Amino acid sequence: VMHIEPLFPIGLLVHDVPDKVADKVEQFVISRLDKMPSRDGPAPHSTDYFESEKIIADLPKELPELWLEFRSCKDAYQQGNNFKAINRQLKTNKNEFEYWCQDYYEGDIHAEHEHGIGRISGIYWVRANEYAGGIMFKTPNPFTEYSQDYNPDAVFSWVGNIYKPTKGRILMFPSYLKHQVLPSEKDVERTTIAFNF
């Protein structure tokens, strides 16, 4: 019988940390947002990505419960996808882990980008309300760039999937997967920790 089969699925880990951990992380990070670098830098949102000193100086030590959640998710991602991160960029980091904070205001975006090859990337929502812009993961299938019509039921021609920000949620994905943050609305609360293993 003639049929179409899906090939080469991409694994996305979705995990919600316990509310107690999420509340503790939110309180800790929000108390340090006044140390976030100026918005005059190269990103259209507040971020300490470009800074040598982060608003969270040592995440594994300062937020140990969240660190355990990250490590557990990484292990589950590796096992479920049979994928081991090869982080060639962090020669001196025994945890092979880098992270940075981001805070979004009305209209802020993060343009389409990826995090290189051979790593596991992730995002954690410290806080998010209904006005926060979603994250869109773009399909690596170049065919969709030339498609004339969009049908939400035709999964093979999807341009991307949008995930709604949710406080306390972790997403993990392969670092090559292109993604972007869509514009936030007025009265937005959207603070994140992004990371790579």
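Scope of this entry: the structure provided in the associated data block. Because the structure is predicted, anything quoted here is derived from the model rather than measured. What you see as residue numbers is a count from 1 along each chain, following the sequence as written. It should be noted that, the model being predicted, local features are given only for residues of pLDDT at least 70 and side-chain atom pairs only at 80 or more, the latter also being counted only at that level, while totals for whole chains, interfaces and linings use all residues. Each side-chain value is derived from all of the structure's non-hydrogen atoms; neither hydrogens nor water enter the calculation.

This part is about a nonpolar patch on the surface. A grouping of Ile-4, Val-155 and Phe-156 is seen on the molecular surface, where their side chains present a nonpolar patch of about 310 Å² in accessible area. Along the chain, the position of Val-155 falls in the loop between strand E6 (135–138) and strand E7 (160–163). By relative accessible area, Val-155 is classed as partly exposed at 44%. Nonpolar side chains (Val, Leu, Ile, Met, Phe, Trp, Tyr) are joined into patches within 5 Å and like charges within 9 Å, using only residues with over 30% relative accessible area and no salt bridge. Reported accessibility uses the Shrake-Rupley method at a 1.4 Å probe radius. Residues are deemed covered only where the shown protein chains occlude them. We define a salt bridge as a side-chain nitrogen of Lys or Arg found within 4 Å of a carboxyl oxygen belonging to Asp or Glu. To qualify as a helix, a DSSP run of H or I must reach at least 4 residues; to qualify as a strand, a run of E must reach at least 2; elements of each kind are numbered from the N terminus. The rule is simple: take the accessible area with a 1.4 Å probe, protein chains only, and divide by the maximum for that residue type; under 20% is buried, over 50% is exposed, in between is partly exposed.

What follows concerns the nonpolar core. Looking at soluble globular proteins, one finds that nonpolar side chains tend to be buried together. Residues belong to a common nonpolar core when they are buried Ala, Val, Leu, Ile, Met, Phe, Trp, Tyr or Cys residues joined through side-chain atoms within 4.5 Å. Val-25, Ile-56, Leu-59, Phe-70, Tyr-124, Met-172 and Ile-193 are the most contacted members of the largest nonpolar core, which totals 29 residues. Once you skip the residues sitting within four places of it in the chain, Phe-70 turns out to touch Leu-59, Phe-97, Tyr-124, Ile-170, Met-172, Phe-195 and Phe-197. Counting residues in hydrophobic clusters, the runner-up holds seven residues, among them Ile-123, Trp-125, Leu-171 and Leu-177. By the convention used here, residues are in contact when the closest approach between their heavy atoms is within 4.5 Å.

Moving on: the sheet that holds strand E2 (residues 46–47). Within a beta sheet, neighbouring strands are joined by backbone hydrogen bonds and run either parallel or antiparallel to one another. What the six strands build is an open sheet, ordered E1-E8-E5-E10-E3-E2; its pairing is antiparallel. Of all strands in the sheet, those bounded by a partner on one side alone are strand E1 (13–16) and E2. One bridge is not enough; two strands pair if DSSP finds at least two bridges between them. Across seven bridges, the pairing between strand E5 (residues 120–128) and strand E10 (residues 190–196) is antiparallel. Paired with Gly-122 across the bridge in E10 is Phe-195. Only the stretch in contact is used when fitting a helix axis, every axis being a line fitted to C-alpha atoms; angles between N-to-C directions are given from 0 to 180 degrees. Set on the sheet, helix H1 (residues 19–30) makes contact with E5 and E10; between it and E5 the angle comes to about 85 degrees.

Right, let's get into the pairing of strand E3 (residues 98–104). Of all seven residues making up E3, six are buried, and the element is well covered by its neighbours. Pairing geometry for E2 and E3, over two bridges, is antiparallel. When the bridges of E3 are listed, Ser-46 appears paired with Asp-103. Taken together, the seven bridges between E3 and E10 define a ladder with antiparallel strand orientation. Considered in E10, the bridge of Tyr-99 is made with Phe-195.

Any two rings among Phe, Tyr and Trp, with Trp reduced to its six-membered ring, count as a pair given centres within 6.5 Å; such a pair is stacked if its planes are under 30 degrees apart, edge-to-face if over 60, and tilted if neither. Across all of its chains, the model carries 13 aromatic pairs by this definition. Relative to Phe-195, the ring of Phe-97 lies with its centre 6.0 Å away and its plane at 45 degrees, an arrangement referred to as tilted. With Phe-97 in the loop between helix H3 (64–81) and E3 and Phe-195 in strand E10, this pair connects stretches of sequence that are 98 residues apart. Comparing Phe-97 with Phe-195 shows no difference in burial state: the two are buried. Three or more aromatic residues joined by ring pairs form one cluster here, namely Trp-67, Phe-70, Phe-97, Tyr-99, Tyr-124, Phe-195 and Phe-197. Its end group placed over the ring of Tyr-104, Arg-190 keeps NZ or CZ at 4.6 Å from the ring centre. Two thresholds decide whether a charge sits over a ring: the Lys NZ or Arg CZ must be within 6 Å of the ring centre and within 35 degrees of the ring normal.

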